[in-house]
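Per-entry structural report
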Amino acid sequence: GPFSGYSETSGFPDPRETSPANVRAVVHQIIETDGPLTRLSLYRLYVEGCPGLQRAGKVVRQALNRALGAMLRAGEIVQEDELRDGSPEGQVVRLAGAGGVHVRPAGKRDLPEIPPSELLAVLGRLFPTDAGTKADDETMLRRVLEWYGFSRLTRPRRHYLAKVLRLRHLREKEFGAAGGARSDESINGMQRTALRTAADAEAV
């Protein structure tokens, strides 16, 4: 499942010591294997695969952000602010040309690590907006939790899902019932924002 192939045996180079090209190669590998994924998830996976790291400190994040910025400028990857609010958990990266939405089991992801677009696609399957009935938010939260196999609706999970539900309601207002029932591929197109610059990458 997602995020399942990372440990010290991966042997990722320490981004504080290795060349930018080496960091970029590993970042590409992570995004290719487990994208779309959030920047926060990418930091975590790099640390898990690097024997010399215990956490994603400021210097480590800066090195990874520089790699992401270079990849964005080169058109190698795409980044989207899927929550439309600038929050770190909404910054999702994927390889250019790759599908924008990839619905899959949770794997080793906690629920807040699942991209908003993926959760929106699951909500669309569980609660089509053109089905003639409308579920309340609490019911939708619980069903999504069950769909991914989580048993507890913790405060961080509830907070994150509430943001995703607000985005779903906003899209329903913008596009009507048909908008909520669009395909997984269409969700990506509706949420796409301009690519981040290197300065943006450093600020995240």
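Residues numbered from 1 in each chain as written. Predicted model: local features only at pLDDT ≥ 70, side-chain atom pairs only at ≥ 80, totals over all residues. Heavy atoms only, no water.

Re the nonpolar core
Core analysis: the largest hydrophobic core is formed by 25 residues, its most contacted members being V27, I30, I31, L37, L42, Y46 and L64. Breaking this core down by element, the ones donating at least two residues are helix 1 (20-34), helix 2 (39-48), helix 3 (58-73) and strand 3 (91-95). Top contributing element to this core by residue count: helix 3, with six residues. In this structure I30 touches Y6, F12, G35, L37, L42, L45 and Y46, once residues within four positions along its chain are discounted. (Core = buried A, V, L, I, M, F, W, Y, C linked by side-chain atoms within 4.5 Å. Buried < 20%, exposed > 50% of the residue type's maximum accessible area, 1.4 Å probe, protein only. Helix = DSSP H or I, 4+ residues; strand = E, 2+ residues; numbered from the N terminus. Contact = heavy atoms within 4.5 Å.)

Describing the packing of aromatic side chains
Applying the stated criterion across every chain, the model contains three aromatic pairs. Judged by centre distance (6.1 Å) and plane angle (65 degrees), the ring pair of Y6 and F12 falls under edge-to-face. For the residue pair Y6 and F12, the accessibility class agrees, reading buried in each case. Each ring, one from W147 and one from Y148, has its centre 4.8 Å from the other, and the planes form 70 degrees; the classification is edge-to-face. (Phe/Tyr/Trp six-rings, centres within 6.5 Å; stacked < 30°, edge-to-face > 60°.)

Some thoughts on the environment of N65
As for its position among the elements, N65 is in helix 3. With relative accessibility at 2%, the residue N65 sits in the buried group.

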